[in-house]
Each structure stands twice: as structure tokens, then as C-alpha cells.
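Architecture and fold: a report
Each chain, letter by letter, is given below.
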Amino acid sequence: MSKRKISIEDIARKAGVSHSTVSRALRDSPLISAKVREEIKKLAQEMNYVPNAIAQSLQNQRTYTVGVIVTSIADPFFGELVEGIEQVARKAGLNVLLNASHGNFDQEIAAIENFHYRRVDGILVADSRVGKHYNQQLTQFTVPTVLINIDTEDQHETFNSVAIDDRLGGCVAVEHLLDLGHTRIGYLGVGDGSKADQQRLEGYQLALSQAELPANQDWVAIPQRDSQTISDFDIGKQLLPQLVAAGVTGIFCYNDMVAVGALLTCKELGISVPQDLSLVGFDNIALASYITPPLTTVSQRMVEMGELAMTMLLDLFEEKAVDNILLSPFLVKRGSTTKVSQAKKISNYIEVKI
């Protein structure tokens, strides 16, 4: 039989004082003298008293938990993001609850409602699908909420945000390819309706426009998304031939997992990266430096974003004024990009393989 837990009543009985006196002493109440507080704390320690976390949360109206909603727990990007969140939360004595929305607004709202039911102290939402068209649902957010990697200009006043400048990131990726002499540059997107996919495409288009290069719809490959779930990796594999057939010499991929999928298809088709085709990813996940060739990519600073978002949430707990944060991405040059070569027309590979 397990040993019975020591209660406040047990301490009060041993000390010869009331239940309320022990309770106040353990909470450092100024209504109890410093001498009595120390005596009761010492006695509680000697009796191996363990505070009841549930009772404390009811009393303090805090559960010391935060809810985190990500699009997918399978995506390495979110793994690094949550790592940053958890590092800061742990130091603050907070527990992290994780839920996945799969990029679906209804599932995101359901996850938020579940976190409210669990009485979390705050919520962090990555790549949220919320918008100004959902004001009725947004009024249900009754705890401090920070959005990660989404612009909050049109959002409900409840929200604050930490985001990366996706449009700038798209420009940086394409400008790198332009500097290497590429003029036939493709974009490989995911079509998930996210702000990131939209703004990275805009960055791609802006960089081409600034270079006075014509827009070519054949150089943009974005899948039509339906109810069937398809991974970013598979999108890269499936759409790479379409862009190669259009004659591009360089491709900016929506993220690193799309680029990894595209790279695998290149190997299957006998297309040499970067000699025949240059690839640029986005995120700078750990895998990007391990593949062959190592992937040139735009660094998203995921761990830092998680740390900043969790720190912002802690400030909101203390009712401090906070400012939204927009981080600037930067290019990490590796082996998947090189100067354009006119020696081969890789569209020939597609004609032979298909």
C-alpha cells in the first residue's frame, strides 16, 4: 500500500495552528509573521509535504501550462520552433502542450477551444489560418495569444506576433540565383493557402521584376490542394519535372523539404545538382546541411523565433507592453547552387525519361 501524502491539515495538527495559518505561511502571506512562516516551512519540509498542484492552480488561477499549435508535427521546421519555445518555457517553470492543425482553420479553432478547456495560461499558434473574416471566432480567445510567422496587421487586437519577412526571403533566394547568372528561374510552391507561400511567391516575382525579367507562368509550379494530404517532400518530387520541362536552370523552393523532394527526383532523372540545375530552399532545417549536395537555403531562424514568441508570451502574462517582431532572413550558401551553364539543356532529360 502506498504511503499517504502529507496534507496541510497534518502540518497544522503537528504545529498546533489552524489550517489557514499553514496555508498562508506556505504562500508567504504578510498576515503571518516571518518567524512563524519559517517554522511552518521547516516543519513542512521535515514532513516531506508536497504541494497540490491542482489546488494551487485553482487558487492562483494559473495552470503553468501553455498551448502550442503547429501545422504538422512531422515537419522539421516545427520541431526546431518548438525547441525554442520549450527552452524558454522550461526556465520559466511552464509545461508545453502540443497540438497539430494540419493547416485547417476548423482544426485550429478546435485546438484553441481544447486549450481553453484545459485552462492554459497562454497560446502560441504557428502559421495560423486566422484572419479578419473570423472576428466572431477570434473573440473567443480569452488568454494571451502570440502568432508565429504570420502578419497580424489585420488581426484581432488580442494578438501579437513574431514573424519572418517571407517576401524578403523570397527576394534573397532569387537574387542569389540571379547573381549566379540564372535568368530562367522557377518557383516551386505548396499551395496550402498560407501567408508564407503567398509572400515567398511575391518575393520571387518582385526579384524577377527588379531584374527586368519577364514573368513566365510555366516557371511557377504550385499544386492544387484538395482534401487529400500530400507532404511537402512529395510535392517537390512530383512537380520538379514540370519546371525542368519548362527549361528553368534554377529553382527557388518554398521550403527545404520541397527542395529535398526535388533533389531526389533530380537524382532519379540523372540531373546533376548544381551543374545542370541549381536549387534553393527555405528554412535551413538541420537536414539541409546533411544531404548531398548540401542545400543552399534561406535561414528562417526557427529556434530564435520560438524563443522570442515564448518570451513575448511571458511578458504578456505580466501585462507588459510588447511590440510585434519581424525578423529578417539571410542566405546560407552551400553546394546546391552554382553559376549557370549553357552546356546542357536539361529539358532533354525529361523527354528521355518520360
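An account of the accompanying structure is given in this report.

Conventions and cut-offs
- Residues numbered from 1 in each chain as written.
- Predicted model: local features only at pLDDT ≥ 70, side-chain atom pairs only at ≥ 80, totals over all residues.
- Heavy atoms only, no water.
- Helix = DSSP H or I, 4+ residues; strand = E, 2+ residues; numbered from the N terminus.
- Pairing = 2+ DSSP bridges.
- Contact = heavy atoms within 4.5 Å.
- Axes fitted to C-alpha atoms, helices over the stretch in contact; angles between N-to-C directions.
- Phe/Tyr/Trp six-rings, centres within 6.5 Å; stacked < 30°, edge-to-face > 60°.
- Lys NZ or Arg CZ within 6 Å of the ring centre and 35° of its normal.
- Salt bridge = Lys/Arg side-chain N within 4 Å of Asp/Glu carboxyl O.
- Buried < 20%, exposed > 50% of the residue type's maximum accessible area, 1.4 Å probe, protein only.
- Expected span 1.5 Å × (residues − 1).
- Core = buried A, V, L, I, M, F, W, Y, C linked by side-chain atoms within 4.5 Å.

In this chain, valine 273 is followed by proline 274 through a cis amide linkage whose omega measures 10°. Note the cis peptide between threonine 292 and proline 293, where omega equals -5°. The topology assignment puts proline 293 in the loop between strand E9 (278-283) and strand E10 (296-299). In this structure, glutamate 212 is a non-glycine residue whose phi angle is positive, near 60°.

Before going further, it helps to examine the sheet that holds strand E6 (residues 185-188). Read across the open sheet, the six strands follow the order E7-E6-E8-E9-E10-E12; overall the sheet is mixed. Here the strands that pair on one side only, and so sit at the sheet edges, are strand E7 (220-221) and strand E12 (330-332). With respect to the sheet, helix H11 (residues 256-269) is in contact with E6, strand E8 (250-253), E9 and E10, its orientation differing from that of E9 by roughly 150°.

Given two aromatic rings, their pairing is described by the distance between the two centres and the angle made by the two planes. All told, the structure shown has four aromatic pairs when counted by the stated rule. Put simply, the rings of Tyr187, Tyr204, Phe252 and Phe282 touch in pairs and so form one group of aromatic residues. Sitting over the ring of phenylalanine 282, arginine 200 keeps its end group 3.8 Å from the ring centre.

Once that is clear, we can look at the pattern of salt bridges. Enumeration over the complete set of coordinates arrives at nine salt bridges. Close ionic contact of arginine 90 with glutamate 86 constitutes a salt bridge, the shortest N to O distance being 2.3 Å. With arginine 90 and glutamate 86 both in helix H5 (residues 76-91), this residue pair falls four residues apart, about one helical turn. We classify arginine 90 as partly exposed; its relative accessible area is 48%. Residue glutamate 86 is classed as partly exposed on the basis of its relative accessible area, which comes to 32%. A salt bridge links glutamate 202 to arginine 167, with the nearest nitrogen and oxygen atoms 2.8 Å apart. Residue glutamate 202 is found in helix H9 (residues 195-210), and its partner arginine 167 is found in helix H8 (residues 166-179); the two are separated by 35 residues along the sequence. Using a relative accessible area of 34% as the deciding quantity, one classes arginine 167 as partly exposed. Connected through salt bridges with shared partners, the residues Asp166, Lys195 and Arg200 form a single ionic network.

Of all five residues in strand E3 (residues 122-126), five are buried, a share of seventy percent or more. Because side chains alternate across E3, one face comprises the buried residues Gly122, Leu124 and Ala126, and the other comprises Ile123 and Val125, equally buried.

Take the sheet that holds E3 next. Read across the sheet, six strands follow the order E2-E1-E3-E4-E5-E11 without closing on themselves; strand pairing throughout is parallel. Of all the strands in the sheet, just strand E2 (95-100) and strand E11 (325-327) have a single pairing partner and so form its edges. Each strand axis lies, on average, 15° off the axis of its neighbour in the sheet, ignoring direction. Alignment of strand E5 (residues 159-164) against E11, held across three bridges, turns out to be parallel. Each bridged residue has a counterpart across the sheet, and for alanine 163 the counterpart in E11 is leucine 326.

Here we take up the pairing of strand E4 (residues 145-148). Here E4 shows no split at all, with Thr145 and Leu147 on one side and Val146 and Ile148 on the other all buried. Pairing analysis gives four bridges linking E3 to E4, with the strands arranged parallel. Paired with leucine 124 across the strands is valine 146, a residue of E4. Judged from the four bridges that link them, E4 and E5 form a sheet pairing that is parallel. Bridged to leucine 147 within E5 is serine 161.

Moving on, we come to helix H6 (residues 105-117). If you check H6, its first and last C-alpha atoms are 18 Å apart, about what 13 residues at 1.5 Å a residue would give, namely 18 Å. Positive phi appears at arginine 119, one or two residues downstream of H6, with a value of about 60°.

In this structure, Leu124, Leu188, Tyr204, Ile251, Leu277, Leu279 and Met310 are the most contacted members of the largest nonpolar core, which totals 70 residues. The greatest single-element share of this core, amounting to eight residues, is contributed by H11. Aside from chain neighbours lying at most four places away, what touches leucine 124 is Gly67, Val68, Ile69, Ile85, Val146, Ile148, Ala309, Met310 and Leu313.

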